[in-house]
Amino acid sequence: MRTVDGDDRIRELFGTVDVDAGPGDDAIAFDYRDDSVRGNRLVGGAGADTFDLGGSFLGGDDPAGLVVDLDQGFVRARGTIDLLGFENVIGGWSASTLIGNDADNLLRGGPRTDTIEGRAGDDHLDGRDGADTGDGGTGDDTCTAFETVTACEN
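Here's a quick rundown of the structure. Quick caveat: nothing in here was measured; it's all calculated off a predicted structure.

1. Overview of the overall build of the protein
And step 1. The helix and strand inventory of the protein stands at zero helices and 16 strands.
And step 2. Split into buried and exposed, the 154 residues of the protein put 47% on the buried side.
And step 3. Put simply, 28% of the contacts in the protein that link residues at least 6 apart link residues at least 24 apart.
And step 4. Surface summary for the protein: the accessible area is close to 6,800 Å², and the carbon and sulfur share equals 49%.

2. Here's the deal with the pattern of salt bridges
And step 1. Applying the stated rule across the entire model yields four salt bridges.
And step 2. Among the salt bridges present, the one from Asp71 reaches Arg119, with a minimum N-O distance of 3.3 Å. A residue pair is termed long-range when its members are at least 10 positions apart, and Asp71 in the loop between strand E6 (66-69) and strand E7 (74-76) and Arg119 in the loop between strand E12 (115-117) and strand E13 (124-126) qualify at 48 residues.
And step 3. Residue classification places Arg119 among the partly exposed residues on the basis of a relative accessible area of 32%.

3. Points about a negative patch on the surface
And step 1. A contiguous patch of negative charge, built from Asp104, Asp122, Asp140 and Glu153, is present on the exposed surface.
And step 2. If you trace the backbone, Asp104 turns up in the loop between strand E10 (96-99) and strand E11 (106-108).

4. Concerning the sheet that holds E12
And step 1. Taken together, nine strands build an open sheet; the order of strands is E2-E4-E8-E7-E6-E10-E12-E14-E16 and the sheet is mixed. Both edges of this open sheet fall to strand E2 (18-20) and strand E16 (148-150), since each of them pairs with a single strand only. Each adjacent strand pair in this sheet contributes to an overall mean axis angle of 10°, direction not counted.
And step 2. One ladder, built from three bridges, connects strand E14 (residues 133-135) with E16; its direction is parallel. Across the sheet, Gly134 pairs through a bridge with Val149, a residue of E16.

5. Considering the nonpolar core
And step 1. Of all hydrophobic cores here, the largest spans 23 residues; its most connected members are Leu42, Phe51, Val68, Leu70, Val75, Leu83 and Phe86.
And step 2. Elements that contribute at least two residues to this core include exactly strand E3 (27-30), E6 and strand E8 (80-84).
And step 3. Contacts of Phe86, omitting those with residues within four sequence positions, involve Ile28, Leu42, Val43, Gly44, Asp49, Thr50, Phe51, Leu70 and Asn101.

6. So, the environment of Arg41
And step 1. Here Arg41 is to be found in strand E4 (residues 41-43).
And step 2. Each C-alpha atom of the pair Arg41 and Asp20 lies 8.2 Å from the other, and the pair is 21 residues apart in sequence.

7. Side note on the state of the cysteines
And step 1. Applying the stated rule across the entire model yields one disulfide.
And step 2. Disulfide partner of Cys143: Cys152, at an S-S distance of 1.6 Å.
And step 3. Assessed through its relative accessible area of 15%, Cys143 is described here as buried.
And step 4. Since its relative accessible area comes to 23%, Cys152 is described here as partly exposed.

8. Topic: the side chain of Asp52
And step 1. Structurally, Asp52 is set in strand E5 (residues 50-52).
And step 2. Of the polar contacts made by the side chain of Asp52, one reaches the backbone nitrogen of Gly54; its length is 2.7 Å.

Reading guide: rules and limits
- Residues numbered from 1 in each chain as written.
- Predicted model: local features only at pLDDT ≥ 70, side-chain atom pairs only at ≥ 80, totals over all residues.
- Heavy atoms only, no water.
- Helix = DSSP H or I, 4+ residues; strand = E, 2+ residues; numbered from the N terminus.
- Buried < 20%, exposed > 50% of the residue type's maximum accessible area, 1.4 Å probe, protein only.
- Contact = heavy atoms within 4.5 Å.
- Areas by Shrake-Rupley, 256 points an atom, 1.4 Å probe, with all protein chains shown as cover.
- Salt bridge = Lys/Arg side-chain N within 4 Å of Asp/Glu carboxyl O.
- Patch = residues over 30% accessible without salt bridge, like charges linked within 9 Å, V, L, I, M, F, W, Y side chains within 5 Å.
- Lys, Arg positive; Asp, Glu negative; His and termini not counted.
- Charge placed at Lys NZ, Arg CZ, Asp CG, Glu CD.
- Pairing = 2+ DSSP bridges.
- Axes fitted to C-alpha atoms, helices over the stretch in contact; angles between N-to-C directions.
- Core = buried A, V, L, I, M, F, W, Y, C linked by side-chain atoms within 4.5 Å.
- Disulfide = S-S within 2.5 Å.
- Polar contact = N/O pair within 3.5 Å; in protein donor to acceptor, adjacent residues only side chain to side chain.

Put into structure tokens, the structure is as follows:
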């Protein structure tokens with residue numbers, strides 16, 4: 001699926017899909033009801049794009065949980081999908097590892113224990129609930145709601 005230019009909101013996305021959101025500040029809500037991913041490719045494009053797992057149980061009760069790595073461009077939870085051109089992540093219901101990239105990222109955890117790494121850029125990290133660990137990396141970072149935090153200036 002290719003969207004038109006502009007600020008797109010794609011909700012209730014599930015199953016095996018390929019999405020190219022194009023330019024604009026786009027948000028893609030991934031609403032996976034099982035605990036694995038298979039063969040998806042999501043491209044945010046130019047703009048400040050958000051990958052939203054808020055309604056997802058992706059990763060389930062697997063101790064490895066869910067990994068979203070914006071720097072390497074993937075989501076892993078008993079399978080892998082490509083995640084390219086995104087700057088922001090909102091975590092879901094499973095334990096998550098959220099990793100930023102060189103952009104100014106917003107990385108927000110979910111209700112379980114999360115590990116959130118900002119890397120480069122002026123990032124905002126929000127652990128929300130759980131016994132979360134945050135690491136802002138380089139840049140002027142803001143970290144809120146963490147049990148353990150390093151490299152955050154605010």
